[in-house]
Amino acid sequence: MKLNFRKRNIALKISYDGTNYNGFQRQNPPSVAVQNILEERLAKIFGEKIEMIGSGRTDAGVHAIGQIVNFFTDGRIEVEKIPYAASGALPPDIVVREAWEVPKDFSALHSAKSKTYIYKIQRGKILNPFLKNFSWHIKFPLDIEKMQAALKIIEGTHDFSAFKAASSTNMNPVRTIYAAELFFESKEILTIKIHASGFLYHMARNIVAAVVEVGRQRLTLEKFQQIFDSGNRKLFPATAPAHGLYLYEVFY
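Note that the structure is a prediction, hence the values are computed from the model and not measured.

Our focus in this paragraph is the pattern of salt bridges. For the structure on display, the rule yields 10 salt bridges. A salt bridge links Arg41 to Glu40; the nearest nitrogen and oxygen atoms lie 3.6 Å apart. Salt-bridge contacts for Glu51 lead to Lys49; the nearest nitrogen and oxygen are separated by 3.3 Å.

Interaxial distance between helix H3 (residues 144-154) and helix H5 (residues 221-230) falls to 10 Å at its minimum, and their mutual angle equals 25 degrees. The angle between the axes of H3 and H5 places the two elements in the roughly parallel class. Taken as a pair, H3 and H5 cross one another with a handedness that is right-handed. Taken together, the residues of H5 that come into contact with H3 (itself represented by Lys146, Ala149, Ala150, Ile153 and Ile154) are Leu221, Phe224, Gln225 and Phe228. Looking at side-chain class alone, the contact of H3 with H5 contains seven nonpolar, one polar and one charged residues.

Counted residue by residue, strand S3 (residues 63-73) has 10 buried out of 11 residues, so it is predominantly covered. The sheet contact formed by strand S2 (residues 53-54) and S3 spans two bridges and is antiparallel. Among the inter-strand pairings, Ile53 is bridged to a residue of S3, identified as Asn70. Across two bridges, the pairing between S3 and strand S10 (residues 245-251) is parallel.

Here is what the cut-offs are and how they apply
- For every chain, the first residue of its written sequence is number 1, and the numbers climb from 1 along that sequence.
- pLDDT decides what is reported in this predicted model: residues at 70 or higher carry local features, side-chain atom pairs at 80 or more are listed and counted, and totals for whole chains, interfaces and linings draw on all residues regardless.
- The side-chain numbers reported here are obtained from all heavy atoms of the structure, hydrogens and water having been left aside.
- Basic side-chain nitrogens of Lys or Arg form a salt bridge, by our definition, when they fall within 4 Å of a carboxyl oxygen of Asp or Glu.
- Only C-alpha atoms enter the line fits that serve as axes; for helices the fit covers just the stretch in contact. Angles between N-to-C directions range over 0 to 180 degrees.
- Here a helix means four or more residues in a row that DSSP labels H or I, a strand means two or more in a row labelled E, and each is numbered from the N terminus.
- Put simply, angles under 35 degrees are roughly parallel, angles over 145 are roughly antiparallel, angles from 65 to 115 are roughly perpendicular, and the rest are oblique.
- A crossing counts as left-handed when the near helix is turned anticlockwise from the far one by less than a right angle, and as right-handed when that turn is clockwise.
- We call two residues contacting when some pair of their heavy atoms lies within 4.5 Å.
- Note on residue classes: Ala, Val, Leu, Ile, Met, Phe, Trp, Tyr, Cys and Pro are nonpolar, Asp, Glu, Lys and Arg are charged, and everything else, Gly too, is polar.
- The rule is simple: take the accessible area with a 1.4 Å probe, protein chains only, and divide by the maximum for that residue type; under 20% is buried, over 50% is exposed, in between is partly exposed.
- DSSP-based pairing: two strands are paired if at least 2 bridges between them are found.

See the structure below:
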């Protein structure tokens, strides 16, 4: 039961390097997730038990630039001081970037209207060791124009069964992708950015894997369209690695 009888509802924007964590969502020992660390360390700042609600789970190795959480507290610390207090309590791979007070009925999970994920691909024949935990190294040539065309196919409202994880529950597979694009963030880094009403489990990483196959010219645009329309997950390639994915922004 969430501690929503407390006086204040606080929202935080969190950034984290997911390399050393078993995802965001709270885990039982000995597994450690980002939520475990946040709740444990912030409890010391507020002097009471903290139970957080996250905007969504991220898998082991996935990063976040703009994860949103909220929690209820009787603590009196001013919101503008929370990021500074948290910086002294949290490990360096988890950062509270912003804090603000929200209405009692706000939920980081249930109030979310849409989300943006980005995926980073490292280009070049030789792996950059400083990017290995933060991007997928692909040394093969990629046809950028065809990848862009594949991303345009998935824009709009569709059944995304072809991109859901095989282990997904019977969740409604219909989602709306408002924008899907790719661009060179630098000479080395190609970034795919997807803004959608919501994401099925592994949906973003499965889209990336399929678009990369198009870029490698191992999957034609016509075949990509056919598989997408069929809803058959088994016909698309294996899921892209977790370490290239970032929860970029959540909209309310």
